Amino acid sequence: MAERGIEISDMRKTVFLVDDEMINLKVGKNALSDAYNVFASESGESMLELINNVSPDLILLDVKMPGMDGYEVIRHLKANKNTADIPVIFLTSLNDEETEIKGLSAGAVDYIIKPFSAPSLLKRIEIHLLIESQKQKLLSQKTELQHLNNNLHQMVEDKTQTVTELKDAILSTMAELVEYRDEGTGGHIARTQSYVEILLRGMKEHGVYEAELEAVDESLALQSCQLHDIGKIAISDAILLKPGKLTPEEFEKIKEHTVFGEKVILKLKDKTIDSDFAEYARVFAISHHEKWNGCGYPRGLKGEEIPLLGRIMAIADVYDALVELRPYKAPYTHDEAVRIILEGKGNHFDPTLVDLFEKINVEFEKTARRLNVV
């Protein structure tokens, strides 16, 4: 973003750091100064004065501060058209669900618990700046596309391709953000996307759910399924990065990523992403942990109440979870994973899709081997 009134010496991105504790400002500035222009403020009021002269690319904002707290500051930012789109990451020592939901609902793009590690903070900032940059490029391309002459058919096709590539870049970056936080499932999004593709292709070849499949746009399904775990950005690091098994209470928390994911995608739908794509992504996010017998989450849907895309992703998601190494378990072999999925027929999984999986599971094994999983 352009500077207003204060000269900045290089072309680096500008980050505001707002915290009422001097030690936090010092630590944060030391961690960021090699990569960014950093402006530190001890209060929300002083930051809002500074923003009249310097326009930041991203704001790191403490939640609990005397005077204006972080929630009030972000309300001021979102109410001003000149600052509404600046990404804000909340920094806080509060580690509870209510605070996280309140911060994300206020418009924060991420939520980092103090104390934080410098590498993690730098990576999170890098990813959000990249998302913002790609979003701005996408919006610019869409605006330009709308003004093209209808007779310039080839130019329209070229610009449409550019928009598609930018949307794919945003999806990949958002997926990377989730996987960076959940280190135990690295590569999971790319692999499940491959498994979904295998199932969709098998359904066509074997005539499974033909009528329902006619209404599915395969390209949109394969793009949008990358966001099935996007809700994990709202799960605290203490739970998401835990090396051992989760307690029952922690598992209840992580189950909420399905609902968080739906909320995130609905916000994207309101802003930039087309409605068809957003609907596919929403369905994947909210329904991939539902079970055929009604014992899944978050809504306890049963049988064909569960959207077809959710039933497809359930098999892809569980197969990958079984065959990959996790911090709390050794990987299962392909044959063991197949046995478990077949045993889940009519309970966890759609029996028709399990029958299909039994016929084509060798394609899963080939893909898993190609991706160095089994």
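Look up: the structure comes first, before these words.
Residues numbered from 1 in each chain as written. Predicted model: local features only at pLDDT ≥ 70, side-chain atom pairs only at ≥ 80, totals over all residues. Heavy atoms only, no water.

Caption draft 1: Structural detail: the overall build of the protein. Assigned secondary structure in the protein consists of 16 helices and five strands. Counting only residues that meet the buried cut, the protein has 49% of its 374 residues in that class. Taking the intrachain contacts of the protein between residues at least 6 apart in sequence as the baseline, contacts between residues at least 24 apart amount to 64%. As presented, the protein carries roughly 17,900 Å² of accessible surface, and 51% of it is formed by carbon and sulfur atoms. (Helix = DSSP H or I, 4+ residues; strand = E, 2+ residues; numbered from the N terminus. Buried < 20%, exposed > 50% of the residue type's maximum accessible area, 1.4 Å probe, protein only. Contact = heavy atoms within 4.5 Å. Areas by Shrake-Rupley, 256 points an atom, 1.4 Å probe, with all protein chains shown as cover.)

Caption draft 2: A look at helix 13 (residues 275–287). The end-to-end C-alpha distance of helix 13, which contains 13 residues, comes to 18 Å, matching closely the 18 Å that a straight helix rising 1.5 Å per residue would cover. Helix 13 sits mainly inside the fold: 10 of its 13 residues count as buried. When helix 13 is considered as a whole, its buried residues turn out to be Phe277, Ala278, Tyr280, Ala281, Arg282, Val283, Phe284, Ala285, Ile286 and Ser287. (Expected span 1.5 Å × (residues − 1).)

Caption draft 3: Local environment of unusual backbone geometry. In this structure, the amide linkage connecting Tyr297 to the following residue, Pro298, adopts the cis form with an omega of 10 degrees. Looking at the element boundaries, Pro298 is found in the loop between helix 13 and helix 14 (308–323). Here the phi dihedral of Tyr209 falls at roughly 50 degrees; this positive angle occurs in a residue that is not glycine. The residue Tyr209 is located in the loop between helix 7 (188–206) and helix 8 (210–214) in this model.

Caption draft 4: Structural view of the environment of Glu290. Considering the arrangement of structural elements, one finds Glu290 in the loop between helix 13 and helix 14. Put simply, Glu290 and Arg311 are 21 residues apart on the chain and 7.7 Å apart in space, counted from C-alpha to C-alpha. A distance of 3.0 Å separates a polar side-chain atom of Glu290 from the backbone nitrogen of Leu301. (Polar contact = N/O pair within 3.5 Å; in protein donor to acceptor, adjacent residues only side chain to side chain.)

Caption draft 5: Quick peek at the pattern of salt bridges. Under the criterion given, the structure shown has 16 salt bridges. The residue Lys123 makes a salt bridge to Glu126 at a minimum N-O spacing of 3.9 Å. Of this pair, Lys123 and Glu126 are both found in helix 5 (residues 118–146), three residues apart, which corresponds to roughly one turn of the helix. Under the relative-accessibility criterion, Glu126 is labelled partly exposed at 43%. (Salt bridge = Lys/Arg side-chain N within 4 Å of Asp/Glu carboxyl O.)

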